[in-house]
Amino acid sequence: MITARAAATFDPVARSVATARAFVRDTLQGWGYTDVVDDAVVLTSELVTNAVIHAGTAADVLCLRTEDGVRVEIADHYPEREIPLQPAALDLGSLDSENGRGLLLCAALASRWGVEYSPTRKHVWFQLDLPDRPVGVRSAGPLLPVGLLPVTDERVRVAVVQVDSEGAVAAWNDDAAYLFGYTADQVIGKQLTDFTAWPQTPGTSTGIADALRLSRWEGSYGIRGADGRTIPVYGSHLRVRDPQGEPSTVCLLVRDYERAVLQTPVRAPVSDTAESRNTDPFEVFIGSPAPDDLEGLLQRTVERARDMLDADAAFLLLATDDETELEVRATTGLPSARQRFARVPVEAGTGRYGSARMPAVHEDLDAVPGAVPLLANTGMRSVVTVPLKVEGRLTGSLGVAAEAAGRYSNEEALRLQFAADRIALAVESARLGELERLRRGSLSFLVEASDLLAGTLDRDQTLALMAQMTVPTLATWCAVYTIADPASDPELSYVLHEDEERIDGLKSLLTRISPPEPVRTPGARLWAAPAQAAHEAALRTSMRSIGIGDAGGLGSTTRTTLATAAAVGGETVVLPLVARNRVIGMLTLGKPSDDHFRQEILELAEDLSRRAALALDNARLYSERTAISQSLQRSLLPPGLPAVPNVEVDVIYRAAGEGNEVGGDFYDVFPIRDGAYGFAIGDVCGTGPEAAAVTGLARHALRLLAREGFAGPAVLERLNAAILDEGARSRFLTLLYGELWPQEDGSALLKVVCAGHPLPLRLRQDGSVEPAADPQPLLGVMEDLELYEQEFTLEPGDVLLCVTDGVTERREGTRMLGDDGLADVLAHCTGLTAGAVAARILRAVERFAAEPPSDDMAILTMRVPEPQ
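Everything quoted here is computed from the prediction, not taken from an experiment. (Residues numbered from 1 in each chain as written. Predicted model: local features only at pLDDT ≥ 70, side-chain atom pairs only at ≥ 80, totals over all residues. Heavy atoms only, no water.)

**Examining the sheet that holds strand β4 (residues 112-117)**
Across a sheet, strands are paired by hydrogen bonds formed along the backbone, either parallel or antiparallel in direction. Ordered by their spatial adjacency, 5 strands build an open sheet running β1-β2-β3-β5-β4, and the pairing between neighbours is antiparallel. Whereas interior strands pair on both sides, the edge strands pair on one side only; in this sheet they are β1 (2-10) and β4. Within this sheet the neighbouring strands show an average axis-to-axis angle of 15°, counted without direction. Here 6 bridges tie β4 to strand β5 (residues 122-129), and the two strands are oriented antiparallel to one another. Of the residues in β5, the one forming a bridge with R112 is Q127. Sitting on the sheet, helix α1 (residues 16-31) touches β1, β2 (59-66) and β3 (69-76), and the angle it makes with β1 is about 165°. (Pairing = 2+ DSSP bridges. Helix = DSSP H or I, 4+ residues; strand = E, 2+ residues; numbered from the N terminus. Axes fitted to C-alpha atoms, helices over the stretch in contact; angles between N-to-C directions. Contact = heavy atoms within 4.5 Å.)

Structure below.
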């Protein structure tokens, strides 16, 4: 005879296997069938894996309780499974194979098992019988090797202390006197609390008085001995009553290090009798030990409520902070994955019949369609709901339902209300604890998110961070839309799913539908388009597959479409990304099939969207300004090096500072007229935009003045006057300017003026190095300058090296490369091309110190090649 049942459906995703295991474990433990829990969980894991992983369909799990055991049924929905027409020998598979072990385990572990086929489903069931126990034997541990048994003294001392209903010691045995030093006459009649040190171990939240009132309790505390020392003990308390009906507590105490002598496995819940309810209503209803977490407490509550009224299903909803809506938090006998975190209004209106603040009995839901939306399309006909209240405030609603009509009356409502009153305070306390943990977690999450978002100014990286912070912490999948300007349409910029294999299908689906409307209204709003589009695509694909009649199974495209439909089939919300009074995009969050968001998650997502919007807009502004800055800087660089006949020319330029392309150092090589070329290398005082401005002035002035026919000294004198005309914006400038005339004999004639700049070095073919000019005053300091130019000839094989002080002043500690160090490096460059000489100089500068260069550098090399 079936005495209870529990059912659930699990989606075809990998995590459903773990969820199914937890469902079966919680169900059997709630029924008190701890002896068969492990075997049932192993078999369920294998069979659900076959359904959701190998068959690729949803799995229906049904648990049936009988008087002598439990039956578990797992069904899949694979539509093309063949039905055997005649009996055949069943191949149970091999222990070494990866697949097919479920039936082999059934044969090994189950009392009975079988497989049943229908045109659209396959059922695998197994029966686990409870072990026979002699009268008086409740449970026993396994056989253990002697070496694993607990170690005790020569004799185990077990103090037996009986405490009456008032907390006074009523009995004290000889072992108690031996352990604690008090005789029975010294303690009988005194309060046990006079001798206890509570708690002995940290983390114990129950007081001694509370522990003595519990039907059964185990734990550690201390007893103060006659010598004043506290003796750590491990106790097992059992509440009993004497022939007159008076309650008392028997305490068995051993030394704390001998706790293994008394410690027992988790006990099954006590039976739900009238006497036990009168004795300890909460423990009787919930069972002992009570779950210490909210989810476990809620799940245990709905299972006990279902069993108490012999129902087919039960559900529990908790009120939101404003008490206007109820949120589904636990169900049994219903598709919990589909209903979890769904919301219904508290008062009468669309989606609710009556008020959740009062008990209600619905004899037949078919007569009032939609009265309880939670039970729509579940087959439930009759239902009773009662409120959970704490100090007159609505905190939740508890309901049970049956498939038959007319099952419940006011009597069942009163019984359920009595149970709800017993557990309301515990549920509210656990809910507030969970809420506090969520809030602390939310603050930590937002602090970490703010740090990560503030750490980058790259737009693409900001988009990736936004998505990675929401998946899977807040949602199963995420899409970010961006809006370039108010006149532009939203553009899909980033898509992420917790399963990487679903990203491409999700992105394809979102590109086929119109983006959400950009609305500035804060908060999350529902967006039904993705779920509808996914459902329609899955329907078309399924119909097309049925029409083709592919006996070989579903194609990869069909599987991708169906998987995408499952991934986005739940609730989808859109949060605006608003920065500086403008909508710059939308953050879209989604759940898988028929799943819902919790209000706390939506509030956290809203906080995140505000921070992310500001970070994304900052990245946009930074990118725009960087692009403008780099464009302006590139305009200050020479367009390219001209081809000088019979002369190799090469330049290496490095601007200091991240993102800088031009600094205070500059160079230029340009044609002046036929057969004549100008070249310059200079260094403006300082770095950054101000130095770059003087750089642009100097380079353009040099070209203009040289092409007007002015000689080198005249060019520099006029440039000096132009710099001084800048007034407060002027900066002094060191400059090496020269003119180059290639000669017919293969040499090159040069005329140079060195105005405060590091002297150019000339490398001859024999390896000797010498300065090629004399120092003269720098520019931008004095109004009247008397400059002169110096003339020399580069013979074939000679090299002229011109650098800025970023090369010669390269430092490591107190060491500096200097002019002599540069000359030593250049002396080993004979026979190298102009480009190779410049590269060797740069490599020597970089290797001189471990730290990267902190000053701008320019290296200009000219070489007259040897005749072939």
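Back to the text.
**Structural notes on the side chain of D668**
With respect to the helices, strands and loops of the structure, D668 is situated in strand β24 (residues 665-673). Of the residues examined, D668 reaches a relative accessible area of 1% and is grouped as buried. In terms of polar contacts, D668 uses its side chain to reach the side chain of R703, at 2.7 Å. (Buried < 20%, exposed > 50% of the residue type's maximum accessible area, 1.4 Å probe, protein only. Polar contact = N/O pair within 3.5 Å; in protein donor to acceptor, adjacent residues only side chain to side chain.)

**Overview of the nonpolar core**
Across soluble globular proteins, you tend to see nonpolar side chains buried next to one another. The biggest cluster of nonpolar side chains holds 48 residues, and the ones touching the most others in it are M466, L510, L577 and L589. In terms of residues, this core owes the most to one element, helix α16 (residues 599-636), which gives 8 residues. In contact with L510, not counting residues within four places along its chain, are W477, A479, Y481, L492, V495 and P530. The next biggest cluster of nonpolar side chains, apart from the first, holds 32 residues, and it includes A4, V17, V37 and A51. (Core = buried A, V, L, I, M, F, W, Y, C linked by side-chain atoms within 4.5 Å.)

**Description of the sheet that holds strand β22 (residues 582-590)**
Overall, antiparallel pairing links the 5 strands, which are arranged β19-β18-β22-β21-β20 in an open sheet. Of all the strands in the sheet, just β19 (491-497) and β20 (525-526) have a single pairing partner and so form its edges. Of the strand pairs in this sheet, β20 and strand β21 (residues 572-579) are connected by 2 bridges, and their pairing is antiparallel. The residue of β21 that forms the bridge with L526 is V573. Relative to the sheet, helix α12 (residues 459-470) contacts β18 (477-482), β19, β21 and β22, its axis offset from that of β19 by approximately 40°. Along the sheet face, helix α13 (residues 503-512) touches β18 and β19 and points at about 150° away from the line of β19.

**Regarding the packing of helix α11 (residues 410-454) against α12**
At their nearest, the axes of α11 and α12 sit 10 Å apart, and the two run at 165° to each other. Here α12 runs roughly antiparallel to α11, going by the angle between their axes. As for the relative orientation of α11 and α12, their crossing is right-handed in sense. Facing F445, A449, L452 and L453 of α11, the residues of α12 in contact are T462, L465, M466 and M469. A class-by-class count of the residues in the contact of α11 with α12 yields 7 nonpolar, 1 polar and no charged. (Parallel < 35°, antiparallel > 145°, perpendicular 65-115°, else oblique. Left-handed = near helix turned anticlockwise from the far one by under 90°. Nonpolar A, V, L, I, M, F, W, Y, C, P; charged D, E, K, R; others polar.)

**Things to note about unusual backbone geometry**
Residues V471 and P472 are joined by a peptide bond in cis, for which omega reads 0°. With respect to the element layout, P472 can be found in the loop between α12 and β18. Phi angles above zero are rare outside glycine, and R580 is one such case at about 55°. Inspection of the secondary structure puts R580 in the loop between β21 and β22. Of note, N646 is a non-glycine position whose phi angle comes to about 60°, a positive value. Along the chain, N646 turns up in the loop between α16 and β23 (648-654). Residue N646 is classed as partly exposed on the basis of its relative accessible area of 47%.

**Quick word on the pairing of strand β12 (residues 313-319)**
Counting buried positions over the 7 residues of β12 gives 7, a clear majority of the element. Neither face of β12 is open: one carries A313, F315, L317 and A319, the other A314, L316 and L318, and all of them are buried. In this sheet, strand β13 (residues 325-332) lies alongside β12 in antiparallel orientation, the contact comprising 6 bridges. In the strand pairing of β13, A314 is matched with T332.

**Section: the packing of aromatic side chains**
Overall, the coordinates contain 5 aromatic pairs when judged by the stated rule. Ring centres of Y182 and F195 lie 5.1 Å apart, and the angle between their planes is 65°; on these two criteria the pair is classed as edge-to-face. A residue pair is termed long-range when its members are at least 10 positions apart, and Y182 in the loop between α4 (174-180) and α5 (184-187) and F195 in the loop between α5 and β8 (196-197) qualify at 13 residues. Classification of Y182 by relative accessible area gives buried; the value is 16%. Given a relative accessible area of 7%, F195 falls into the buried group. Taking NZ or CZ as reference, R422 lies 4.5 Å from the ring centre of F418, over its face. Between the NZ or CZ atom of R815 and the centre of the ring of F848, over which it lies, the distance is 4.3 Å. (Phe/Tyr/Trp six-rings, centres within 6.5 Å; stacked < 30°, edge-to-face > 60°. Lys NZ or Arg CZ within 6 Å of the ring centre and 35° of its normal.)

**Re the pattern of salt bridges**
Scanning the entire structure with this criterion turns up 27 salt bridges. For the salt bridge of R610 with D607, the shortest nitrogen-to-oxygen distance reads 2.2 Å. With R610 and D607 both in helix α16 and 3 residues apart, the pair spans about one turn of that helix. A relative accessible area of 46% means that R610 is categorised as partly exposed. Take D607: its relative accessible area is 23%, and that puts it in the partly exposed class. Several salt bridges converge on common partners, so that one network encompasses R580, D617, R620 and E624. (Salt bridge = Lys/Arg side-chain N within 4 Å of Asp/Glu carboxyl O.)

**Considerations on a negative patch on the surface**
Taken together, the side chains of D164, E166, D242 and E246 present a region of like negative charge at the surface. Mapping D242 onto the fold places it in the loop between β10 (230-241) and β11 (247-255). Look at D242 and you get partly exposed, because its relative accessible area is 33%. (Patch = residues over 30% accessible without salt bridge, like charges linked within 9 Å, V, L, I, M, F, W, Y side chains within 5 Å. Areas by Shrake-Rupley, 256 points an atom, 1.4 Å probe, with all protein chains shown as cover. Lys, Arg positive; Asp, Glu negative; His and termini not counted. Charge placed at Lys NZ, Arg CZ, Asp CG, Glu CD.)

**Points about the side chain of D683**
Structurally, the position occupied by D683 is in strand β25 (residues 676-684). Leave out the neighbours within four places in its chain, and D683 touches G664, D665, F666, F732, L733, T734, H757 and D805.

**Quick word on α1**
Its 16 residues place the ends of α1 22 Å apart at the C-alpha level, agreeing with the 22 Å of an ideal helix rising 1.5 Å per residue. Among all positions of α1, only S16, V17, A20, F23, V24, T27, L28, G30 and W31 are buried. Down the axis, α1 shows its buried residues gathered within 165° of arc, on one side only. Backbone geometry just after α1 places G32 at a positive phi near 85°. (Expected span 1.5 Å × (residues − 1). Arc of directions from axis to C-beta.)

**Examining the confidence of the model for the chain**
In the predicted model, the chain carries a mean pLDDT of 80, and the fraction of residues at 70 or more is 83%. Within the chain, the element-level pLDDT minimum falls on helix α7 (residues 274-279), averaging 42, and the maximum on strand β31 (residues 799-803), averaging 96. Segment residues 80-100: pLDDT under 50, and 26 contacts once partners within four positions in sequence are set aside and those in other chains are kept. Between residues 548-554, whose pLDDT stays under 50, and residues either more than four places distant or in other chains, the model counts 8 contacts. (pLDDT = per-residue confidence, 0-100.)

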